[in-house]
Amino acid sequence: MSTILALTSSALGEASVSNGLVAGVLERLRAQQPALRIISRDLGHAPVDHLTLDSAAALRGAAPANAAQEAALAVSNELLDELREADTILIGAPMYNFGITSTLKTWFDHVLRAGLTFRYTEAGPVGLMTGKRAIVVETRGGFYSSGPTQAMDAQEPHLRGLLGFIGITDVTFIRAEKLGFGPEPRAASIAQARAELDAALLEPAEAA
Ligand SMILES: Cc1cc2nc3c(=O)[nH]c(=O)nc-3n(C[C@H](O)[C@H](O)[C@H](O)COP(=O)(O)O)c2cc1C
């Protein structure tokens, strides 16, 4: 691992569990691997604009026809450069209304670009961002890993599909669930997620 792109997408700032888990493991990584390059994007704090007529046109390959299209293309290209440069993508993904946050969805809207991150072939779409690894921290107030609520999880399948579509198939999901079930389940879930994150990202000698 030489460059890590850390995307966070919670609206809850410092109170956010996913923000805290991502910030914590980045701090431990910095201490362990000083040469590691870290690109951070807090989409919850500084969201990318939703797609509009102008940005959708620019991102689909039309030559920019006005200032709004030029600006949208520049933002998308910057996000794409960050993705290309990273060999590891760390994503903080809270569950909002059974899915991902709109801010994270908008990031994907800006980087899923035909001819750049995927291409269509006669055999179907092919992802072009191969050779990368993703670690996704999913935070949830409830519990969706098994039982009757499992079918309501529109977060993990969506993320697996989005990442896979652009060729990122090596994905580790770390779930911090039951965050709304009271202090004890919440603390246990956060501790477990932290240990899983360390095991996924830190060198073994340093893993918690
Ligand atoms: C707008 C909003 C929608 C939410 N929707 C769900 C939901 O559908 N299912 C769930 O289990 N928790 C839901 N929650 C709870 C969050 O998943 C939980 O608070 C989680 O800790 C938020 O992630 P974060 O702490 O990483 O920011 C929702 C929270 C917010 C703010």
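Residues numbered from 1 in each chain as written. Predicted model: local features only at pLDDT ≥ 70, side-chain atom pairs only at ≥ 80, totals over all residues. Heavy atoms only, no water.

Chemist: Just checking my understanding: could you explain the sheet that holds strand β6 (residues 133-139) for this structure?
Modeler: The strands making up a sheet are joined through hydrogen bonds of the backbone, oriented either antiparallel or parallel. Strand order in the open sheet formed by 5 strands is β2-β1-β3-β6-β7, and the pairing between neighbours is parallel. The open sheet has two edge strands, β2 (37-42) and β7 (170-176), and neither has a second partner. The sheet shows a mean angle of 15 degrees between the axes of neighbouring strands, taken without regard to direction. With 5 bridges connecting them, strand β1 (residues 3-8) and strand β3 (residues 88-94) associate as parallel partners. Across the sheet, the residue bridging to leucine 5 is isoleucine 89, located in β3. (Pairing = 2+ DSSP bridges. Helix = DSSP H or I, 4+ residues; strand = E, 2+ residues; numbered from the N terminus. Axes fitted to C-alpha atoms, helices over the stretch in contact; angles between N-to-C directions.)

Chemist: Any chance you could explain the side chain of lysine 132 here in plain terms?
Modeler: Mapped onto the secondary structure, lysine 132 falls in the loop between β5 (124-127) and β6. There is no salt bridge for the buried lysine 132, and the closest opposite charge comes from aspartate 87, which lies 7.5 Å off by N-O distance. For lysine 132, the residues in contact, after removing those within four places along its chain, are Leu83, Arg84, Ala86, Asp87, Ile89, Ile168 and Asp170. (Buried < 20%, exposed > 50% of the residue type's maximum accessible area, 1.4 Å probe, protein only. Lys, Arg positive; Asp, Glu negative; His and termini not counted. Salt bridge = Lys/Arg side-chain N within 4 Å of Asp/Glu carboxyl O. Contact = heavy atoms within 4.5 Å.)

Chemist: How should I be thinking about the site of the ligand in this particular structure?
Modeler: In the vicinity of the ligand lie 16 residues, with Ser10, Ser18, Thr139, Gly142 and Tyr144 positioned nearest. One nitrogen or oxygen atom from the side chain of serine 10 is found 2.5 Å from an oxygen atom belonging to the ligand. Residue valine 17 places a main-chain N or O atom 2.8 Å away from an oxygen atom belonging to the ligand. Summarising the interface, the protein chains cover 75% of the accessible area of the ligand, which totals 620 Å² for the free molecule. In terms of residue class, the shell around the ligand is made up of 8 nonpolar, 7 polar and 1 charged. (Near = heavy atom within 4 Å. Polar contact = N/O pair within 3.5 Å; in protein donor to acceptor, adjacent residues only side chain to side chain. Areas by Shrake-Rupley, 256 points an atom, 1.4 Å probe, with all protein chains shown as cover. Nonpolar A, V, L, I, M, F, W, Y, C, P; charged D, E, K, R; others polar.)

Chemist: Which parts of the structure should I look at to understand the pairing of β5?
Modeler: Within a regular strand, side chains alternate between the sheet's two faces. As paired elements, strand β4 (residues 118-121) and β5 share 4 bridges and run antiparallel to each other. The residue bridging tyrosine 120 from the neighbouring strand is proline 125, located in β5. Hairpin connection, β4 to β5: the antiparallel pair is bridged by 2 residues.

Chemist: Any chance you could explain helix α3 (residues 67-85) here in plain terms?
Modeler: Quick reminder: α-helices carry 3.6 residues per turn. Residues three or four places apart thus point the same way. Compared with the 27 Å implied by 1.5 Å per residue over 19 residues, the 27 Å span of α3 between its first and last C-alpha is a close match. Among the residues of α3, the N-terminal cap falls to asparagine 66, whose side-chain oxygen and the backbone nitrogen of alanine 68 are separated by 3.1 Å. (Expected span 1.5 Å × (residues − 1).)

Chemist: How should I be thinking about unusual backbone geometry in this particular structure?
Modeler: Among all residues except glycine, the phi angle is most often negative; among peptide bonds, the trans geometry is most common. If you check the backbone angles, asparagine 97 has positive phi at about 50 degrees while not being a glycine. As for its position among the elements, asparagine 97 is in the loop between β3 and α4 (102-111). For asparagine 97, a relative accessible area of 74% corresponds to the exposed category. Located in the positive-phi region is lysine 178, a residue other than glycine, with phi close to 60 degrees. Relative to the assigned elements, lysine 178 resides in the loop between β7 and α6 (183-201).

Chemist: What should I look at first to understand the packing of aromatic side chains in this one?
Modeler: Here the distance between the centres and the angle between the planes together describe a pair of aromatic rings. The tally for this structure, following the rule as stated, stands at 4 aromatic pairs. Aromatic side chains phenylalanine 118 and tyrosine 120 sit 5.2 Å apart centroid to centroid with 80 degrees between the ring planes, which places their arrangement in the edge-to-face category. Relative accessible area serves as the criterion here: at 6%, phenylalanine 118 is assigned to the buried category. For tyrosine 120, a relative accessible area of 59% corresponds to the exposed category. Where phenylalanine 118 meets phenylalanine 165, the ring centres are 4.5 Å apart and the plane angle is 50 degrees; that geometry is what we call tilted. Of this pair, phenylalanine 118 sits in strand β4 while phenylalanine 165 sits in helix α5 (residues 156-165), and the two are 47 residues apart along the sequence. A residue is classified by how much of its surface remains accessible, and phenylalanine 165, at 26% relative accessible area, is partly exposed. The side chain of lysine 178 reaches across the aromatic face of phenylalanine 143, ending 4.9 Å from its centre. (Phe/Tyr/Trp six-rings, centres within 6.5 Å; stacked < 30°, edge-to-face > 60°. Lys NZ or Arg CZ within 6 Å of the ring centre and 35° of its normal.)

Chemist: I would appreciate a short explanation of the environment of valine 17 in the present structure.
Modeler: The residue valine 17 is located in helix α1 (residues 17-32) in this model. As for valine 17 and leucine 179, which are separated by 162 residues in sequence, their C-alpha atoms are 8.7 Å apart. Other than its neighbours up to four places away in sequence, valine 17 contacts Thr139, Leu179, Arg186 and Ile190.

Take it as geometry only, folks, not as evidence of what the structure does.
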